[in-house]
Amino acid sequence: MPSFARDPGTATYYEQRAAEYDEWYESLGRFASRPRPGWDAEVDDLCRFVHALAPARTLDVACGSGFLTRHLRGFVVALDQSPSMVTLTQRRLPAGIAMRGDALDLPFADDSFERVFTGHFYGHLPPAERAVFLGEARRVANELVVVDTALRPGETAEQLQERILNDGSRHHVFKRFLSAEQLADEIGGQPVLAGDWFVAAAASR
Ligand SMILES: C[S@@+](CC[C@H](N)C(=O)[O-])C[C@H]1O[C@@H](n2cnc3c(N)ncnc32)[C@H](O)[C@@H]1O
């Protein structure tokens, strides 16, 4: 199974994708013509779900463009390996800090945060990287909230996907689709969001 978090191809892909990343959420560009019934309303629901999390000292791991990060309340630190993603997130996080860093080797002391939040990152990880990430998340915070992509009827749960960016470049990423129950089971917690497009689970040590 291919690496995700340690694959130089992943770093290249997301750095190149940063400026167009939100098109996925906002049904723009190549995503405008994709049949995604209920998507826009569920993106709004997901943002409300993130905003409804109790304010806490939060580390958002693999924050991407900060599309979800901006809805977190409390003192927020956002981390991503992509410099362009970090720049985009910092603009959306005037009272917090966005920084470069490795999700599998978090540059923080034990218990630096109350909560680790992560969106659409865990589901990309192959088993060995999953274990490292969960260990790191548990080390730096008591609580872990994971948002990911729902397993829809007829969808293949594990895929090696080809992704094409607006410049025509082609990239490959490993991607899993999860039920809220499976996600909760994997992180040792409870389902907290079970939508048609997005799921989330929360766990405490
Ligand atoms: C699918 S995006 C998710 C972005 C955002 N969290 C969201 O929910 O939309 C995955 C992100 O993981 C980041 N990433 C991949 N490997 C990483 C690593 N080892 N350390 C930190 N960030 C990483 C990428 O740069 C990218 O921004």
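Predicted model only: the values in this text are computed from it and were never measured.

J.: Requested: an account of the pattern of salt bridges, with residues and values cited.
T.: This structure, assessed with the given rule, holds 11 salt bridges. The residue glutamate 143 makes a salt bridge to arginine 115 at a minimum N-O spacing of 3.0 Å. One end of the pair, glutamate 143, is in strand 5 (residues 141-149); the other, arginine 115, is in strand 4 (residues 113-119), with 28 residues separating them in the sequence. Judged by relative accessible area, which is 22%, glutamate 143 ranks as partly exposed. Counted as one network, the salt bridges with shared partners bring together Asp110, Glu136 and Arg139.

J.: Report on the UniProt feature "domain: Methyltransferase type" (unreviewed entry) in the protein chain, specifying residues and quantitative values.
T.: The feature "domain: Methyltransferase type" (unreviewed entry), as annotated in UniProt, sits at residues 59-141 in this numbering. Split by type, residues 59-141 is 28% helix and 24% strand. Its first and last C-alpha atoms lie 8 Å apart.

J.: Explain the sheet that holds strand 5 to me, using residue names and the numbers behind them.
T.: Pairing is mixed across the open sheet formed by seven strands, whose spatial order is 3-2-1-4-5-9-8. Edge positions in the sheet fall to strand 3 (97-100) and strand 8 (190-194), since each has one partner strand and no second. Between one strand axis and the next, the sheet turns by 20° as a mean value, whatever way the strands run. Both strand 4 and strand 5 contribute to a ladder of six bridges, which runs parallel. Across the sheet, the residue bridging to glycine 119 is valine 147, located in strand 5. Most of the contacts of helix 4 (residues 83-91) go to strand 3, to which it runs at about 175°, and overall it touches strand 2 (76-80) and strand 3. With respect to the sheet, helix 5 (residues 127-140) is in contact with strand 1 (58-61), strand 4 and strand 5, its orientation differing from that of strand 5 by roughly 140°.

J.: Mind laying out the side chain of aspartate 22, listing which residues take part and the relevant values?
T.: Inspection of the secondary structure puts aspartate 22 in helix 2 (residues 22-26). Judged by its relative accessible area of 14%, aspartate 22 falls in the buried class. Residues within four places of aspartate 22 in sequence aside, it is in contact with Ser65, Phe67 and Arg92.

J.: Outline the site of the ligand, listing residues and values.
T.: The immediate surroundings of the ligand are formed by 21 residues, with Tyr21, Tyr25, Ala62, Asp80 and Gly119 found nearest. A distance of 2.7 Å separates an oxygen atom of the ligand from a polar side-chain atom of tyrosine 21. Within the side chain of histidine 120, one N or O atom sits 3.0 Å away from an oxygen atom of the ligand. Within the complex, the protein chains bury 98% of what would otherwise be the 600 Å² of accessible surface of the ligand. The residue inventory of the shell around the ligand, partitioned by class, reads 11 nonpolar, eight polar and two charged.

J.: Let's hear about the nonpolar core: which residues, and what values?
T.: Judged by nonpolar contacts, the single largest core of 66 residues is most densely connected at Leu59, Val61 and Phe133. What valine 61 contacts, discounting residues up to four positions off in sequence, is Leu79, Ala103, Leu106, Val116, Phe117, Thr118, Gly119, Phe121 and Phe133.

Definitions and limits used
- Residues numbered from 1 in each chain as written.
- Predicted model: local features only at pLDDT ≥ 70, side-chain atom pairs only at ≥ 80, totals over all residues.
- Heavy atoms only, no water.
- Salt bridge = Lys/Arg side-chain N within 4 Å of Asp/Glu carboxyl O.
- Helix = DSSP H or I, 4+ residues; strand = E, 2+ residues; numbered from the N terminus.
- Buried < 20%, exposed > 50% of the residue type's maximum accessible area, 1.4 Å probe, protein only.
- UniProt positions renumbered as here; feature names shortened; annotations may be inferred.
- Pairing = 2+ DSSP bridges.
- Axes fitted to C-alpha atoms, helices over the stretch in contact; angles between N-to-C directions.
- Contact = heavy atoms within 4.5 Å.
- Near = heavy atom within 4 Å.
- Polar contact = N/O pair within 3.5 Å; in protein donor to acceptor, adjacent residues only side chain to side chain.
- Areas by Shrake-Rupley, 256 points an atom, 1.4 Å probe, with all protein chains shown as cover.
- Nonpolar A, V, L, I, M, F, W, Y, C, P; charged D, E, K, R; others polar.
- Core = buried A, V, L, I, M, F, W, Y, C linked by side-chain atoms within 4.5 Å.

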